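Reading the structure
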Amino acid sequence: MSLPALAVERLSHSFGPRKVLDEVSFSVMPGDFTVLLGPNGAGKTTLIALITRLYHCKTGKISVLGNDMWRHPSAALAKTGVVFQQSTLDLDLTVGQNLYYHTALHGMARRQAKGRIEAELARIHMLDRLNDKARELSGGQRRRVELARALLHEPAFLLLDEPTAGLDIETRPLLLEHVRRLCAERQLAALWTTHLIEEAGTDAKVVVLNQGKILADGPVAAVVASTGSSDLHGAFDHLTKLAATARAAA
Amino acid sequence: MKPIHYARCLGGIVQRESLRWIQQYSRFISALVRPLVWLAIFAAGFRFVLGVSIIPPYETYIPYEVYIAPGLVGMIQLFNGMQSSLSMVYDREMGSMKTLLMSPIPRWFLLLAKLLAGTVVSVVQVYVFLGIAWFWEIEPPLWGYLAVLPALVLSGLMLGALGLVLSSFIRQLENFAGVMNFVIFPMFFASTALYPLWRVKESSLWIYWICEINPFTHAVELIRFALYLRFNPLAAAVTIAYLAVFTALAIFAYDPSRSLMARRDAVA
C-alpha cells in the first residue's frame, strides 16, 4: 500500500475562542482526484492555509508523502504544488519570467527549468505566450499558467483552492478535465476545493466540510448512497441539515 | 536541499527584484531625482547658511554639497529599504507572497535573499547617483568608490531589514503614507545626513541623543568615512548590531508559528 500523497490527521484550529476546524482527518492517495466540498465559512480557507504552511498547525498533523509539513517542511513543500484562489502571477513580468522565478524558488537549474517550462506550457497550448506579460492574459489563461507553474517541480500532490472562481462557464469544465487527466496520467493526487457541488461530478472522491467538521469522506456514489439521496446535491443538503439539527440539540 | 539550490533560489529572487525595478521606470527616475534635487537646490541654497568646519573624515574645509552627498546616498538606501517594505505589502495583497513562501527553501533564507536583492538594487542606484554627483564636484578619491561598496551593502541590508520588519506591521498599501511620515522623514532629519552632530548638540541635547541612537546616522557615517578611505568602527558596529536586531525581528514576524500575519488575518 503506497503512502497517502496528503494525510491530514486530527487537525483542529481556532482563532481565539472561535473553533474553525475540529478534528479534521482525511487523506488523498496518489492518482486520486478529491473534491473538498464546503459552503462559504466551512473552514476551507483555514484548512488551505494550514496545508500550505501559511498558518501554524498547533493541533493535529499534516504530511505530504509521509513528510510532516512542520517537522520536514522542505521535503513536504518540494512535493506540493498549489494553485491559489487569488491569482499569484506577477502581472508586470512575462509568463516566462514568472515561471523561471518559480523554478528558482525550487532550486531548479536553468536548463532543467527551460525544458519543464516548455513542456508544461505546450501541454496547455500556451507556449507562444512565453514572452507576453501576464497582464495581457485573460483570466482563464492566467489560471492555466498558474496550473502549469504548480506542476513545474513535478509535485506528487496538487492543491487547487477554488480554481474556477472568477472563470467563465466555458473555461471551468476545461480546467476540471485537465486536472482530472493529470491525475489519471501522472498518478498525481489532487485536492480541489470548491463550493460548487457539480464540480465533483459522479466519479470523484469527495470530502464534505461544514462548520469546521468533516461530514462525509468517500467516493461520490458511496456518500450519496449513505444518505439515501438521489444525487450529491441531495446528499449535501441531507448532511448539512443533519449537522445543524445535531448542533441545535447540543 | 543543497547549497546549489540555495544559490539558484537567491539568483531567482535577485533577478525578479531587478526585473521589477527595471520595468518600473518611474521608481528608478524618482529614486534618482530625489537626491539630485537635494544636491542641486537644497545644498546650493544652504551652502552659505550652514558652514561646516573641518571634521573627520574630511581633511580640509568642504563645500556643503560634499558634506551632504553621503547623506543623500543614505537617503537613496533608506527610500529603497522602505520601497522593499512596500513591495512586500504589495506582494502580500497581490498574493505573490504565497508563491515565495511555498518554496521548499527555509523561510529565513527567503527573507535574507529578498533583503539582499533589495540591497543590490539600491547599490546600483547609489553608483548611478555618485556618477552624476561627480559633475557637482563631489569627487571622492577614486578608490573611495570601491571602498564604499561594503559600507553600502551593510547599510542597504540594515535599512532593508528595517523595511521588512515594518512590512509585517503594515496591513494595506494605503498605510504606507504613515511610513513616510513616521519613519523616513524622522530618520532622515534626525541624523548626520544634513548637518554634523556637533551642530545638533549645540542647539538641542535631546535631539542630539536621538540622532546618536538613530541607525540611519551610523549608516550615513559608515558611508561617509568609507567614501574617503577611512573606517569608522563605531558606525560599523552599530550598523551591524541594528542589522542583526532588524533581521531577527523580520524572521520572527514572518515565521508562521509566531506569525504576525496569521494573527492579523484572524482578526480581519
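Once a new chain begins, its residue numbering starts again from 1 and follows that chain's sequence as written. Following the order in which they are written, the chains are lettered starting with A and the ligands numbered starting with 1. Since the coordinates come from a predicted model, pLDDT governs what is reported: local features require at least 70, and pairs of side-chain atoms require 80 or more to be given and counted, while whole-chain, interface and lining totals use all residues.

Right, let's talk about the domain arrangement of chain A for a bit. All names here are of chain A. The assigned domain composition of chain A is domain 1 (6-79 + 156-249) and domain 2 (90-154). As used throughout, domain bounds are those supplied by an automatic or database domain assignment. Relative placement of domain 1 and domain 2: their C-alpha centres are 26 Å apart. Every contact between the two is made by 8 residues of domain 1 and, on the other side, 6 residues of domain 2. Contact criterion: two residues are in contact if their C-beta atoms, reconstructed from the backbone, are within 7 Å.

Glancing now at the interface of chain B and chain A. Listed per partner, the contact involves 25 residues of chain B and 27 residues of chain A. Numbering goes from the N terminus for both helices and strands, where a helix is a DSSP run of H or I of at least four residues and a strand is a run of E of at least two. Of all the elements in the fold, those that place two or more residues in the side of chain B that touches chain A are α1 (3-23), α4 (96-101) and α12 (260-267) of chain B.

So, about the sheet that holds strand β5 (residues 67-68) of chain A. Residue and element names in this part refer to chain A. Here we have 4 strands laid out as an open sheet, ordered β2-β1-β4-β5, and antiparallel in their pairing. In the strand order of this sheet, the two ends are held by β2 (18-28) and β5, each with one partner. Whether two strands pair depends on DSSP finding at least two bridges between them. Taken together, the 7 bridges between strand β1 (residues 6-15) and β2 define a ladder with antiparallel strand orientation. Looking across to β2, one finds that His13 is bridged to Leu21. Contacts between helix α1 (residues 44-51) and the sheet are confined to β1, β2 and β4 (59-64), with β2 contributing the most and set at about 60° to the helix. Here an axis means a line fitted to C-alpha atoms, over the contact stretch when the element is a helix, while the angle between two N-to-C directions is reported on a 0 to 180 degree scale.

Sheet strands associate in pairs through backbone hydrogen bonding, adopting either a parallel or an antiparallel arrangement. Residue and element names in this part refer to chain A. With respect to topology, 6 strands assemble into an open sheet ordered β6-β7-β8-β3-β9-β10, the strand pairing being mixed. Strands with a single pairing partner mark the edges of an open sheet, and in this sheet they are β6 (80-83) and β10 (213-219). In this sheet, adjacent strand axes meet at a mean angle of 15° when their direction is disregarded. In this sheet, β10 lies alongside strand β9 (residues 205-210) in antiparallel orientation, the contact comprising 6 bridges.

Below, the discussion takes up unusual backbone geometry. Residue and element names in this part refer to chain A. Backbone geometry places Arg10, a non-glycine residue, at a positive phi of 45°. Within the secondary structure layout, Arg10 lies in strand β1. At Gln187, a position not held by glycine, the phi torsion is positive, near 60°. Secondary-structure assignment places Gln187 in the loop between α6 (171-186) and β8 (189-194).

A few words on the environment of Ala204(A). All names here are of chain A. Positionally, Ala204 belongs in the loop between β8 and β9. Counts of 20 or more other C-beta atoms within 10 Å of a residue's own C-beta define buried residues, counts of 12 or fewer define exposed ones, and intermediate counts define partly exposed ones; C-beta atoms are placed from the backbone. The class of Ala204 is buried, set by 21 C-beta atoms lying within 10 Å. A C-alpha to C-alpha distance of 23 Å links Ala204 and Thr52, two positions 152 residues apart in sequence. Ala204 has contacts with Phe33, Thr34, Val35 and Val220, leaving out every residue within four places of it along the chain.

A turn of α-helix holds 3.6 residues, and therefore any two residues three or four places apart point the same way. By this rule, a helix spans an expected 1.5 Å times one less than how many residues it contains. End to end, α1(B) covers 30 Å across 21 residues, agreeing with the expected 30 Å (1.5 Å per residue, within 8%). All of the buried residues in α1(B) are His5(B), Arg8(B), Cys9(B), Leu10(B), Gly12(B), Ile13(B), Arg16(B), Glu17(B) and Trp21(B). Residues of α1(B) that are buried in the fold lie against α3 (95-105) of chain A together with α2 (25-46) and α5 (107-133) of chain B.

Our focus in this paragraph is the nonpolar core. Of all hydrophobic cores here, the largest spans 152 residues; its most connected members are Leu37(A), Val206(A), Met158(B), Ala161(B) and Ile223(B). Residue contributions to this core peak at 14 residues, all from helix α3 (residues 64-94) of chain B. Taken domain by domain, this core gets at least three of its residues from each of domain 1 (6-79 + 156-249) and domain 2 (90-154) of chain A. Discounting chain neighbours no more than four positions away, the residues touching Leu37(A) are Thr194(A), Ile197(A), Ala200(A), Val206(A), Val207(A), Val208(A), Leu209(A) and Phe236(A). A set of buried residues drawn from Ala, Val, Leu, Ile, Met, Phe, Trp, Tyr and Cys, joined through C-beta atoms within 7 Å, is what defines a nonpolar core.

Further remarks concern the confidence of the model for chain B. All names here are of chain B. The quantity called pLDDT is the predictor's confidence in a given residue, expressed from 0 to 100. Of all residues in chain B, 90% attain a pLDDT of 70 or more, and the chain-wide mean is 84. Of all helices and strands in chain B, the one with the weakest mean pLDDT is α12 (47), whereas helix α10 (residues 215-227) scores best (95). Scored as a whole, the predicted complex attains pTM 0.84, and scored at its interfaces, ipTM 0.84.

We now examine the packing of α3(B) against helix α6 (residues 144-169) of chain B. All names here are of chain B. Closest axis-to-axis distance for the α3/α6 pair is 8 Å, and the angle between their directions is 35°. The element α3 and its partner α6 pack so that their crossing is right-handed. Residue-level inspection shows Gly74, Gln77, Leu78, Gly81, Met82, Ser84, Ser85, Met88 and Val89 of α3 in contact with α6, the latter providing Ser155, Gly156, Leu159, Gly160, Leu162, Gly163, Leu164, Leu166 and Ser167. Here is the rule for handedness: rotate from the far helix to the near one, and if that takes an anticlockwise turn smaller than a right angle the crossing is left-handed, while a clockwise turn gives right-handed.

Okay, the pairing of β4(A) next. Within a regular beta strand, the side chains point alternately toward one face of the sheet and then the other, so they alternate between its two faces. All names here are of chain A. Across 5 bridges, β1 lies against β4 in antiparallel orientation. What sits directly across from Glu9, in β4, is Lys61. Here β4 runs beside β5; their pairing, made up of 2 bridges, is antiparallel. In the sheet register, Val64 faces β5, and the bridge partner there is Asn67. Once β4 ends, the chain turns through 2 residues before running back antiparallel as β5, passing Leu65 with a positive phi of about 50°.

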